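Understanding the architecture of this molecule
Next come the chains, spelled out residue by residue.
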There are 2 protein chains.
Amino acid sequence: MSKNTIKWTKRDKLKTKPDESTLPFGKIFTDYMMKMRYEAGSGWSDPEIVPYGPIELDPAAMVLHYGQTVFEGLKAYRNENGDVQLFRPEENMKRMNRSHRRMSIPEFDGETVLKALSQLIDIEKDWVPSVEGTSLYVRPFVISTQTHLAVHPSDSYEFYIILSPVGSYYPEGINPVKIQVEDEFTRAVKGGTGTAKTGGNYSAGYNAQEKASKSGHAQVLWLDAIEKQYIEEVGSMNVFFKINGEIVTPALSGSILEGVTRKSIIELLHSWEIPVMERKISIQELIQAQKNGTLEEAFGAGTAAVVSPIGSFTYKGVAYKVQDGETGSLTKKLYDTVTGIQTGKLDDPFGWTKVIHV
Amino acid sequence: MSKNTIKWTKRDKLKTKPDESTLPFGKIFTDYMMKMRYEAGSGWSDPEIVPYGPIELDPAAMVLHYGQTVFEGLKAYRNENGDVQLFRPEENMKRMNRSHRRMSIPEFDGETVLKALSQLIDIEKDWVPSVEGTSLYVRPFVISTQTHLAVHPSDSYEFYIILSPVGSYYPEGINPVKIQVEDEFTRAVKGGTGTAKTGGNYSAGYNAQEKASKSGHAQVLWLDAIEKQYIEEVGSMNVFFKINGEIVTPALSGSILEGVTRKSIIELLHSWEIPVMERKISIQELIQAQKNGTLEEAFGAGTAAVVSPIGSFTYKGVAYKVQDGETGSLTKKLYDTVTGIQTGKLDDPFGWTKVIHV
């Protein structure tokens, strides 16, 4: 695909690039963004590349009222050869279309968007940092733009991809965090929007997150909405436990996001012949395993942190330590392997990475 | 309060006002809107009145990603004296602050906003229609504006009120609708955001709404997310049933919106000494009542339609008629009384209406 196949509106002056050693998460954005539009009757327009800049919305635009939005998150890495590579981007495109279906937003052609993303990243390649632990965070998102206060799906949408160079999620190294098991608020329920990456699922968790922070916890461990018993997710990550040599992660029950990192970890464990079970796991089973010494490790898994060790969990005021609060060896190995493949330091036997060639 | 107490930025040219006899719902907006801002550290700014026009948002503004929004809906009516009056606006301010708490948005002073709203409506009084069944729909809404892709409450917000002259919800007279009982998708669950007027609750229902429309139903009747048995709401309205002379409406269970029209209807029924119960009601109980002839009436209640008679409900493919598909006499009396009080045609013994005096 040549650069001529996508419309590119250039800006007069490029931004100054930030210091790679002190990059925050999701606060600095590159010079350009991808944009495409949907209109009823004509479908999705061709993607184009435009200067990163404000979006103008009518005050009655549906996105500001009824939450009909979808987003994704993935990362581009500078590999050892100096090339830029993405991690399983087609998985994000597939999941985004699944989210679209749940939110009554018309589906798009994932290949077209991936081609446009490749061109955008190629244009912005000097923004991809190379310091250890850094990456270029890629945020595709779709908003509903019809100017109408009626409660029904929009007849027009805008689809953007913005890019943000981000630092290591662990500037001081990977360290276990304390989590709080939430038994009042819920994130999602079967039949709801929990499997979709839509805005409302995230702000729904703010009350619980604030409560957890106040008591010194980094994240919330969500339980199912119905029995308030089965473990679902941790913060906005999937969660894994090592119990008696076996890895357990909550099955996709209809209220859990199907994480790309989750899927990759399950596939890695299979390849290592480590037993991994996707099944229901209750908070009582977890406490029992902690008490009898069989709870060996616990960690969250998601795009932002990749793998995030859990040092303890608090349920109804009682804190339960995991692995004496240290990072488990399998947790560390998974972190090193996934990030190694993502950055090209390790071989990629699975064909997960996609080097950007424009 | 004099006009000088609020900053008012005038526009050069006013819009042409629409034909009052053909007003749509929520598509036409007046010349001005109210705006105020929140910044961490300084709190909410004074409200000001500015020309109705586009909102500019950074592509990384939180509202476009994580759904941290709240809105309200109320109506202003032209009364028999030609004055403009609002219906229980302080109830909307209270509920909006409750929604703010659930969505981790800082609360605001309801009196300040109501004063600003009165001034806005006074400025726009020529936009308030007077044809039978018309009104000026008032839409306050708050969006999160921090430019940061992290999943946490925003540190800045914008609060707007926009105004839309709207036609009768029933241009051809009040007519019973067919509704479909939804047994797959869910709107909300206890511990979630169902009691808050936040965007995500509304788009969460689009899949079910589309399914209902395809099978010829006007609205969805929502069941509880846990047992899929107890009735919650109809579309985005509260729901009432008349069974054997007694009125039943689902109790506020933690996943149902506390409607202002719902509250007003309950208070009216009390004043008429008609028994009204706020309690759990299952779909099986409803079907049983329909079968044994004790289901006398059914209707939805909300700001947009005020009272919306239900002619039949379909559950698992079977349609159950209510009152032979006709509007019940109590339904009609409630509609006439509430709209009569709202428009000033009837006395207001409850002190519900508030005439705008600036």
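Residues numbered from 1 in each chain as written. Chains lettered and ligands numbered in written order. Predicted model: local features only at pLDDT ≥ 70, side-chain atom pairs only at ≥ 80, totals over all residues. Heavy atoms only, no water.

Points about the environment of B:Trp272
- Within the fold, B:Trp272 resides in the loop between α6 (260–271) and β16 (276–279).
- Sequence separation between B:Trp272 and B:Val63 is 209 residues, and the spatial gap between their C-alpha atoms is 45 Å. (Helix = DSSP H or I, 4+ residues; strand = E, 2+ residues; numbered from the N terminus.)

Describing the packing of helix α2 (residues 89–102) of chain A against helix α3 (residues 110–123) of chain A
Residues and elements named next belong to chain A.
- The interhelical angle for the contact between α2 and α3, taken along N-to-C directions, is 130 degrees, at an axis separation of 10 Å. With respect to their mutual orientation, α2 and α3 come out oblique. The two elements α2 and α3 cross, and the hand of that crossing is right-handed. Across the interface between the two elements, Pro89, Glu90, Met93 and Asn97 of α2 pack against Gly110, Val113 and Leu114 of α3.
- Its residues placed into classes, the contact of α2 with α3 shows four nonpolar, two polar and one charged. (Axes fitted to C-alpha atoms, helices over the stretch in contact; angles between N-to-C directions. Parallel < 35°, antiparallel > 145°, perpendicular 65-115°, else oblique. Left-handed = near helix turned anticlockwise from the far one by under 90°. Contact = heavy atoms within 4.5 Å. Nonpolar A, V, L, I, M, F, W, Y, C, P; charged D, E, K, R; others polar.)

Observations regarding the UniProt feature "modified residue: N6-(pyridoxal phosphate)lysine" (unreviewed entry) in chain A
Residue and element names in this part refer to chain A.
- If you check UniProt for "modified residue: N6-(pyridoxal phosphate)lysine" (unreviewed entry), the listed places come out as Lys197 in our numbering.
- Exposure remark for Lys197: the relative accessible area of 10% places this residue in the buried category.
- Residues within four places of Lys197 in sequence aside, it is in contact with Thr69, Val70, Phe71, Glu72, Gly73, Arg95, Ser99, Tyr202 and Leu257. (UniProt positions renumbered as here; feature names shortened; annotations may be inferred. Buried < 20%, exposed > 50% of the residue type's maximum accessible area, 1.4 Å probe, protein only.)

Quick word on the pairing of strand β11 (residues 177–182) of chain A
Residues and elements named next belong to chain A.
- Bridge count for β11 against strand β18 (residues 306–315) is four bridges, and the pairing is parallel. The residue of β18 that forms the bridge with Ile179 is Phe313.
- Where β11 lies against strand β12 (residues 219–223), four bridges are found, and the strand directions are parallel. Counterpart to Val181 in the pairing with β12 is Leu221. (Pairing = 2+ DSSP bridges.)

Observations concerning the relation of the copies chain A and chain B
- Expressed as a screw operation, the relation of chain A to chain B combines 0.0 Å of axial shift with a rotation of 180 degrees, fitting to an RMSD of 0.0 Å. Here the symmetry operator amounts to a two-fold rotation axis.
- An overlap of 100% is found between the interface residues of chain A and their copies at the interface of chain B, pointing to a shared contact surface. (Least-squares fit on C-alpha atoms with pLDDT ≥ 70 in both.)

Examining the packing of aromatic side chains
Residues and elements named next belong to chain A.
- Tallying each qualifying case throughout the model produces 30 aromatic pairs over all chains.
- With a centroid separation of 5.1 Å and an interplanar angle of 65 degrees, the aromatic rings of Phe25 and Tyr137 are classed as edge-to-face. Taken together, the residues Phe25 in the loop between β1 (7–8) and β2 (32–39) and Tyr137 in strand β9 (residues 135–144) connect sequence positions 112 residues apart.
- Phe25 gets classed as partly exposed once you look at its relative accessible area, which sits at 22%.
- Note on Tyr137: relative accessible area 6%, which makes it buried. (Phe/Tyr/Trp six-rings, centres within 6.5 Å; stacked < 30°, edge-to-face > 60°.)

Considerations on the interface of chain A and chain B
- The partner chain B presents 58 residues to the 58 residues of chain A that form the contact.
- Between chain A and chain B the total buried area reaches about 4,800 Å² when both faces are included, carbon and sulfur atoms providing 62% of it.
- Our count for the contact surface shared by chain A and chain B stands at zero salt bridges.
- Our count for the contact surface shared by chain A and chain B stands at 34 residue pairs in polar contact (both at pLDDT 80 or more).
- Partitioning the side of chain A that touches chain B into residue classes produces 29 nonpolar, 19 polar and 10 charged.
- Sheet analysis places strand β5 (residues 55–57) of chain A next to strand β5 (residues 55–57) of chain B, joined by three bridges and oriented antiparallel. Counterpart to A:Leu57 in the pairing with β5(B) is B:Ile55. (Buried area = accessible area lost by both parts, 1.4 Å probe. Salt bridge = Lys/Arg side-chain N within 4 Å of Asp/Glu carboxyl O. Polar contact = N/O pair within 3.5 Å; in protein donor to acceptor, adjacent residues only side chain to side chain.)

Side note on the domain arrangement of chain A
Residue and element names in this part refer to chain A.
- Domain annotation for chain A reports domain 1 (3–166) and domain 2 (177–343).
- Contacts between domain 1 and domain 2 engage 24 residues on the former and 21 residues on the latter.
- Together, the buried faces of domain 1 and domain 2 total about 1,900 Å²; carbon and sulfur atoms form 53% of this surface.
- Of all residues in domain 1, Phe71, Phe87 and Arg95 bury the most surface against domain 2, accounting for 31% of the area lost on that side.
- Our count for the contact surface shared by domain 1 and domain 2 stands at three salt bridges.
- Notably, a salt bridge pairs Lys263 with Glu91, separated by 3.0 Å at the nearest N-O pair.
- The set of elements that each furnish at least two residues to the side of domain 1 that touches domain 2 consists of β6 (69–71), β7 (74–78), β8 (84–87) and α2.
- Of the residues contributing to the side of domain 1 that touches domain 2, the split by class is eight nonpolar, seven polar and nine charged. (Domains from an automatic or database assignment.)

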